[in-house]
Amino acid sequence: MAKGITGRDKDYSQWYNDIVVKAGLADHSAVRGCMVIKPYGYAIWEKIQRQLDDMFKATGHQNAYFPLFIPKSFFSKEADHVEGFAKECAIVTHYRLKNDPDGKGVVVDEDAKLEEELIVRPTSETIIWNTYKGWIQSYRDLPILINQWANVVRWEMRTRLFLRTTEFLWQEGHTAHATKAEAIEETIQMINVYADFVQNWMGVPVIIGTKSEGERFAGAIETYCIEALMQDGKALQAGTSHFLGQNFAKAFDVKFQTKEGTLEHVWATSWGVSTRLIGALIMAHSDDNGLVLPPKLAPTQVVFIPIYKSKEELEQITEKVNEIKSQLEKRGVTTQYDDRDTLKPGFKFAEYELKGYPIRIAIGPKDLEKGTVEVARRDTLTKEFVKQEGIVDYIVNLLDTIQESIFKKALDFRHDKTTKADTFDEFKRILDEKGGFISAHWDGTAESEEKIKEETKATIRCIPFDNEIEEGTCILTGKPSKQRVLFARSY
RNA sequence: CGGGGUGUAGCGCAGUCCGGUUAGCGCACCUGGUUUGGGACCAGGGGGUCGCAGGUUCGAAUCCUGCCACCCCGACCA
């Protein structure tokens, strides 16, 4: 086990915190519930952003930016929406400070009270729909396909680095459509984009499905989600896409004229993923030695470490490293050469394992002699000597192999941790002994869902898209059910 | 908001119960040398408003009062 990292078996929470802090991803800040995302952590976020942004553009979306502040009155327009967010809003009431008359520091200037308070956005539906009202008159103005990269604030009672922070970074797509069918199609398209990204780039398998009524987004008609399973057997919601119906169009009076000349309310969607994805990345793949990053999201994919005794040796090694390094870079591989002479190789090995670099290449005197290099894989912690000849192709292929292998491992884990339960006792036993997803029949009522949650802390994560139709009886009430749904304890 | 814990060097801690030289230790850092295929070693060196504000005392990291911050567990949530 790496120095200073708590084992997963010992304390999973502490292990997670140790990885985040020791791998240099983020730190607690001086502000309660808010984190400082450090350069290495932010580099991962930038990779996530870049890829998702490309995928959004490829599906016809454009980026825009809306204000951080939302007038309080906007929140009272959509009843469910305000109820969902009211309890966790930061509110701006004043716009000026002054010197404390008692001479100590500064105080809020009570004369500078705002006429109407401003809410720091917890999500932007309201300000955006207020804006769309001015943009939409005719069916010719539709669809509007916009995404925003932004920060939002939700005053959560308890926070955890990346998984739930008071302020977090995310993207939120907000689209407007002429028809219900088109809006639903958009909602589904985007949840599929998320699933594609999370599986093929993050290497985290997900279940795509719909949320039960109780877990639905405040103000949505239908919420689609992707659910991932973490190594401790708890589920994590990795992304959501909401079909908002005409709720926001009605709340903000957004109508358009159809070809036929009638006036109709616009159909809406919204969808988002956040820095929480980094939490998912960590909890899905990492081990007791530190972070494990999929090659496609690793800020640096290959690190070179020289092993030498003399200056002459180092020079020869450096020459060889530079040769391989530049060839790799030409193939689009990101690399780094760590020739710091104050640290021993062993220390560097441990450090890059902690930081999750997918491949480490060590070159020493033996390699110069034999024309080899030592290639170490982070995901499997295996090492082998490889001929320098053909090394570039070898590494390029290996990166793909690692990407697939990481996904496969997580997928196998999820298969092992997905269990069917047919009675409530069985359900509870699996939950306590094994964790993971439990596929069980449910009578479809919010009451039963709530009771199960109260008794077991497990919630319905989703009703999978590809669910089989299967007659059965609800594990709680014994009432008839047409399909199984996926339960789990979750983050 | 309830329960628990912690605040002493960049990090991790000891010292606090029972007040008393110049506040220690490990890691990290700086200088020099020897090392380098899995977390090096020797020698020398720098770094402190002891969370904050009051109080008691000849004397406070230590005792008293008030405050603050953060972490962990729970309820709430992406």
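Residues numbered from 1 in each chain as written. Chains lettered and ligands numbered in written order. Predicted model: local features only at pLDDT ≥ 70, side-chain atom pairs only at ≥ 80, totals over all residues. Heavy atoms only, no water.

### A short note on the domain arrangement of chain A
- Splitting chain A by domain gives domain 1 (12-70 + 125-285), domain 2 (302-398) and domain 3 (418-488).
- On a C-alpha basis, the centroid separation for the pair domain 1 and domain 3 is 27 Å.
- With 18 residues of domain 1 in contact, the opposing surface of domain 3 contributes 14 residues.
- Note on domain 1 versus domain 3: buried area summed over both sides is about 1,300 Å², and carbon and sulfur give 64% of it.
- Among the residues of domain 1 in contact with domain 3, I207, S212 and E215 are the three that bury the most area, contributing 32% of the side total.
- Counting the contacts that link domain 1 with domain 3 gives 2 salt bridges.
- Salt-bridge contacts for E215 lead to R461; the nearest nitrogen and oxygen are separated by 3.8 Å. (Domains from an automatic or database assignment. Contact = heavy atoms within 4.5 Å. Buried area = accessible area lost by both parts, 1.4 Å probe. Salt bridge = Lys/Arg side-chain N within 4 Å of Asp/Glu carboxyl O.)

### With respect to the packing of aromatic side chains
- Under the definition given, this model contains 19 aromatic pairs.
- Plain terms: the ring middles of F424 and F427 are 5.9 Å apart, the flat faces sit at 20 degrees to each other, and that makes the pair stacked. Here F427 and F424 lie together in helix α12 (residues 424-433), a separation of 3 residues that amounts to about one turn.
- Through successive ring pairs, a cluster of aromatic residues spans W45, F56, W149, Y194 and W271.
- Note that K234 overlies the ring of Y491, its terminal NZ or CZ placed 4.3 Å from the centroid. (Phe/Tyr/Trp six-rings, centres within 6.5 Å; stacked < 30°, edge-to-face > 60°. Helix = DSSP H or I, 4+ residues; strand = E, 2+ residues; numbered from the N terminus. Lys NZ or Arg CZ within 6 Å of the ring centre and 35° of its normal.)

### A word on the protein's contact with RNA strand B
- Contacts to RNA strand B come from 40 residues, most closely from R32, R158, R164, T165 and R276.
- A distance of 2.8 Å separates a sugar or linking oxygen of RNA strand B from a polar atom in the side chain of Q237.
- At 3.5 Å from a sugar or linking oxygen of RNA strand B is found a main-chain nitrogen or oxygen belonging to F347.
- Counting residues per element, the ones that place at least two in the surface near RNA strand B are α1 (12-22), α9 (345-355), β19 (359-363), α10 (365-370) and β21 (383-387).
- Ranked by residue count, the leading element in the surface near RNA strand B is α9, at 7 residues.
- Within the surface near RNA strand B, the residues separate by chemical class into 14 nonpolar, 8 polar and 18 charged. (Near = heavy atom within 4 Å. Polar contact = N/O pair within 3.5 Å; in protein donor to acceptor, adjacent residues only side chain to side chain. Nonpolar A, V, L, I, M, F, W, Y, C, P; charged D, E, K, R; others polar.)

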